[in-house]
Amino acid sequence: MKHTLFKIGMLITLLVGSLSVTAQPAQYKDIIYARPDGLALGLDIYVPENIDKPALIVQIHGGAWRFGSKDGGVPMEFVDHAYAVASLDFRQSTDAPFPAMIHDIKAGIRFLRANADAYGYDASKIAITGASSGAHLALLTGVSNGHAELEGNLGDYPGTSSDVQAILSYFAASDLTSILSQSTHFGLSVREPALELLLGSLPEDNEELAILASPVYLVDADDPPLLLLHGDMDPQMPINQSLQMLGAYKAKGLDVSFDPVHGAVHGGPGFFDAEHLANALEFLDRTIGQ
């Protein structure tokens, strides 16, 4: 009964919020945060109006690690509910193999933390999110703070922390050593060429690198709270990938929740319908909210 009442309350809050938000967020576009090998990497920041130092959500775009940009899939729903959002570009697997993109993302977080006062959000409250390959990179970033091989030294703020306080994952890859064996025939047609570009080979041919690129193997007792969402009809990303991450967190006694999206495939509006957006906002409010 209490759970039902909470859901009703959250849905009312979402409806009222959607009716009351009228001001456009402040937008800061194409801010260069690092130049690996001379390639300018940019980020965009969206800050809700009339909110004093909102928490920040860092968005990592998807695209099989080889395409996409910071302009795609920005979760403006969170800006509408009083969170700042930063979306960043990073080197694709066609530019450089793993772990280049993790080095970039961590440099982006260090930049965002060091420049929080300039843009008006709270540097002590940062969550990271993404979908598909972007969620894989978000997971890996979130569970590897200070990891010698993954931290990198890009950008102007190598002494600033790249730590995050929460992870929000939408249909992520979590174990590159098992993902192919779990995949459908269609999934294999997408994943095999993507992984060959990301790792320089199939995971079975470079197991050590595949393990380094798999968040499930890096989970430790200090990792931040995690919410996993995954469609139970996803033909591209096996739902077992999220279940493996759930198991790795539970094994360490960490704060983790799994929110299956019934009938959903690889993305779609169901992930941000009233119920699942309410679940995400409850998680964010509890972990990084005001």
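Caption draft 1: Inspection of the layout of surface pockets at higher detail. Its volume calculated, the largest pocket comes out at about 430 Å³. The wall of the largest pocket is formed by 25 residues, among which Gly62, Gly73, Ala131, Ser132 and Phe171 lie closest to the centre. Ranked by residue count, the leading element in the lining of the largest pocket is strand 5 (residues 126–131), at three residues. Per-class residue counts for the lining of the largest pocket are ten nonpolar, 13 polar and two charged.

Caption draft 2: Region of the structure containing the environment of glycine 68. Note that glycine 68 resides in the loop between strand 3 (56–60) and helix 2 (76–80). Once residues lying within four places of it in the same chain are set aside, the contact partners of glycine 68 are His61, Gly62 and Gln92.

Caption draft 3: Structural view of the packing of aromatic side chains. Inspection of every chain in the model, using the stated rule, returns six aromatic pairs. Centroid distance tyrosine 170 to phenylalanine 271: 6.2 Å. Interplanar angle 75°. Geometry classified as edge-to-face. Taken together, the positions of tyrosine 170 in strand 6 (residues 166–170) and phenylalanine 271 in the loop between strand 8 (256–261) and helix 11 (274–287) put the pair 101 residues apart, joining distant regions of the chain. Across this residue pair, the class does not change: tyrosine 170 and phenylalanine 271 are buried.

Caption draft 4: Structural view of the pairing of strand 4 (residues 84–88). With five of five residues buried, strand 4 is to be regarded as a mostly interior element. Neither face of strand 4 is left uncovered, since the one carrying Ala84, Ala86 and Leu88 and the one carrying Val85 and Ser87 both have all their residues buried. In this structure, strand 2 (residues 41–47) lies alongside strand 4, joined through four bridges in antiparallel fashion. Looking at strand 4, one finds that leucine 43 is bridged to leucine 88. Here strand 3 pairs with strand 4 via five bridges, running parallel. Considered in strand 4, the bridge of glutamine 59 is made with serine 87.

Caption draft 5: Summary view of the sheet that holds strand 4. Reading across from one edge, 1-2-4-3-5-6-7-8 is the order of the eight strands in this open sheet, with mixed pairing throughout. Among the strands making up the open sheet, the edge pair consists of strand 1 (26–34) and strand 8. Direction aside, the axes of adjacent strands within the sheet are offset by 20° on average. Of the pairings in the sheet, the one linking strand 6 to strand 7 (residues 226–231) comprises four bridges and is parallel in character. Looking across to strand 7, one finds that isoleucine 167 is bridged to leucine 226. Along the sheet, helix 10 (residues 239–251) contacts strand 6, strand 7 and strand 8; its crossing angle with strand 7, the most-contacted strand, is approximately 160°. Along the sheet face, helix 11 touches strand 3, strand 5, strand 6, strand 7 and strand 8 and points at about 165° away from the line of strand 6.

About the criteria used
- Residues numbered from 1 in each chain as written.
- Predicted model: local features only at pLDDT ≥ 70, side-chain atom pairs only at ≥ 80, totals over all residues.
- Heavy atoms only, no water.
- 1 Å grid on protein atoms, 1.4 Å probe; cavity = no way out; pocket = protein on both sides within 12 Å on 5 of 7 lines; lining within 4 Å.
- Points joined across faces, edges and corners; volume = space filled by probe spheres on them.
- Helix = DSSP H or I, 4+ residues; strand = E, 2+ residues; numbered from the N terminus.
- Nonpolar A, V, L, I, M, F, W, Y, C, P; charged D, E, K, R; others polar.
- Contact = heavy atoms within 4.5 Å.
- Phe/Tyr/Trp six-rings, centres within 6.5 Å; stacked < 30°, edge-to-face > 60°.
- Buried < 20%, exposed > 50% of the residue type's maximum accessible area, 1.4 Å probe, protein only.
- Pairing = 2+ DSSP bridges.
- Axes fitted to C-alpha atoms, helices over the stretch in contact; angles between N-to-C directions.

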